[in-house]
Amino acid sequence: MPADALAPPLNWPDGLSAERFLRDYWQKQPLLLRGALPGFESPLGADELAGLACDPDVESRLVRESGDPPWQVQQGPFAEDQLTGLPGHGWSLLVQDVDKHLPELAVIADRFGFVPSWRFDDLMVSFAPPGGSVGAHVDAYDVFLLQGAGQRTWSIGPQPERPLCHPEAQLRVIDNFAPEEQWTLFPGDALYLPPGVAHHGVAGENCITWSVGFRAPSHQQLVAAAGLPATRPPSDDALYADPDLRLEEAAPGLISPRAIDRANAIVARHCGGKAPPSMHWFGELVTQPKHWLRAGPGEVAGGPQELEAALKGGDLLVRHGMTRLARSADGQLLFVDGDTFAVAEAQAGLVTLVCTNRELDARALAPWLGQPEVMELVHTLVCRGALCLGSLENGPAASI
């Protein structure tokens, strides 16, 4: 994506906007968005998805409803003949973190940029033939279910007080699911579901669904990351929540002061009224990648001066697809894959720029080229693999 490009917003229904969505629906109630992405066609087909599921570096699952026991789950990677030999109905193939392995597809998540980027978890893509499903279940995260091909019917209902699950199933499938509403989604339609809403999706024909998932740290994770002794241990399933989220909190990469206040309030509740004196712990927690999705060290030939010369020569600075970035409101703290980098006030604009764009060229970087401390920081990020030279289309350059 060019440095000055922004993904267009969703196509909101009449009378709705990002501000109203956050006020009336976010973490409060489901919402069907007809034509959210007009003309959307899944950039991945069934064959490409199956290819990813055969890759040992990609997390994937195959769910079958029939069998003994029912709702069998098989973890990937898969051999090709395992997938080509499947029946024509009643199963689902799910592939996690597609945006990490194919970073050019992360622009789909950018369409949901009214939610803070540090909350974004992954793009999961699923394929199912007619009747394919993963059963009725409840998730602990916010999700937009975007139909990419074919059609799928979604039913939703309240979270059961005591969900009865198939005792022998390998999934926590709700056995007493009581649907209250139902919709059939077609390509470009999306369904928003807040945490705790029971839902069940069934393919009506061969279909591909993109799940844009937003996770939140648990109270246990927050207390542990804050490093304060707990006087009241948090419950196992309590999560950070932001039903009062405002649109201005979703500026690219931003960890807003309101987010820090929410997190500190949770910590104080469990730590005798105490809260950490800085936000470092929170930024490091929410940018911590899954350990199997961490960018490896970059291939670097030369130092900051050689890097600057490469950029002036036309190379692009590209964010690695597995890198998680966030920033403080003043731009003087940059959080990268669980680490903190302090930045001088004069360079704070660079932090915002890096968090906003996946590609940067010399023109965008012009105000900071020639500043040794800036090039030292960028060189450090290239050495650790968070940034690299190249382009999303052509891949990273071999070295600098």
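Residues numbered from 1 in each chain as written. Predicted model: local features only at pLDDT ≥ 70, side-chain atom pairs only at ≥ 80, totals over all residues. Heavy atoms only, no water.

Enquirer: Give me the lowdown on the pairing of strand S4 (residues 91–95), citing residues and values where you can.
Expert: Counting buried positions along S4 yields five of five residues, so the element is predominantly enclosed. For strand S2 (residues 60–64) and S4, the ladder comprises five bridges, and the chain directions are antiparallel. Among the inter-strand pairings, Arg-64 is bridged to a residue of S4, identified as Trp-91. The pairing of S4 with strand S5 (residues 120–128) spans three bridges and is antiparallel. Within the sheet, the bridge partner assigned to Val-95 lies in S5 and is Val-125. (Buried < 20%, exposed > 50% of the residue type's maximum accessible area, 1.4 Å probe, protein only. Helix = DSSP H or I, 4+ residues; strand = E, 2+ residues; numbered from the N terminus. Pairing = 2+ DSSP bridges.)

Enquirer: Please give an account of the pattern of salt bridges that cites residues and values.
Expert: Applying the stated criterion across every chain yields a total of 17 salt bridges. For Asp-24, the salt bridge identified is with Arg-20, shortest N-O distance 3.6 Å. One end of the pair, Asp-24, and the other, Arg-20, are both in helix H1 (residues 18–24), four residues apart, so they sit about a helical turn from each other. A relative accessible area of 22% places Asp-24 in the partly exposed class. (Salt bridge = Lys/Arg side-chain N within 4 Å of Asp/Glu carboxyl O.)

Enquirer: Help me get a handle on unusual backbone geometry, residues and values and all.
Expert: Of the consecutive residues Gly-76 and Pro-77, the connecting peptide bond is found in the cis state with omega at 5°. Topologically, Pro-77 is positioned in the loop between strand S3 (72–75) and helix H3 (80–84). At Asp-337, a residue that is not glycine, the phi angle is positive and equals roughly 50°. For Asp-337, the location among the structural elements is in the loop between strand S14 (333–336) and strand S15 (339–342).

Enquirer: Summarise the packing of helix H6 (residues 219–226) against helix H7 (residues 257–270); cite the residues concerned and give the values.
Expert: Angle between the axes and distance between the axes are the two parameters that describe a pair of packed helices. Close contact between H6 and H7 brings their axes to 9 Å; oriented N to C, the two are set at 85°. If you check the angle between H6 and H7, you find them roughly perpendicular. Here His-219, Leu-222, Val-223 and Ala-226 of H6 come into contact with H7, specifically with Ala-263, Ile-266, Val-267, Arg-269 and His-270. Looking at the contact of H6 with H7, its residues break down into six nonpolar, two polar and one charged. (Axes fitted to C-alpha atoms, helices over the stretch in contact; angles between N-to-C directions. Parallel < 35°, antiparallel > 145°, perpendicular 65-115°, else oblique. Contact = heavy atoms within 4.5 Å. Nonpolar A, V, L, I, M, F, W, Y, C, P; charged D, E, K, R; others polar.)

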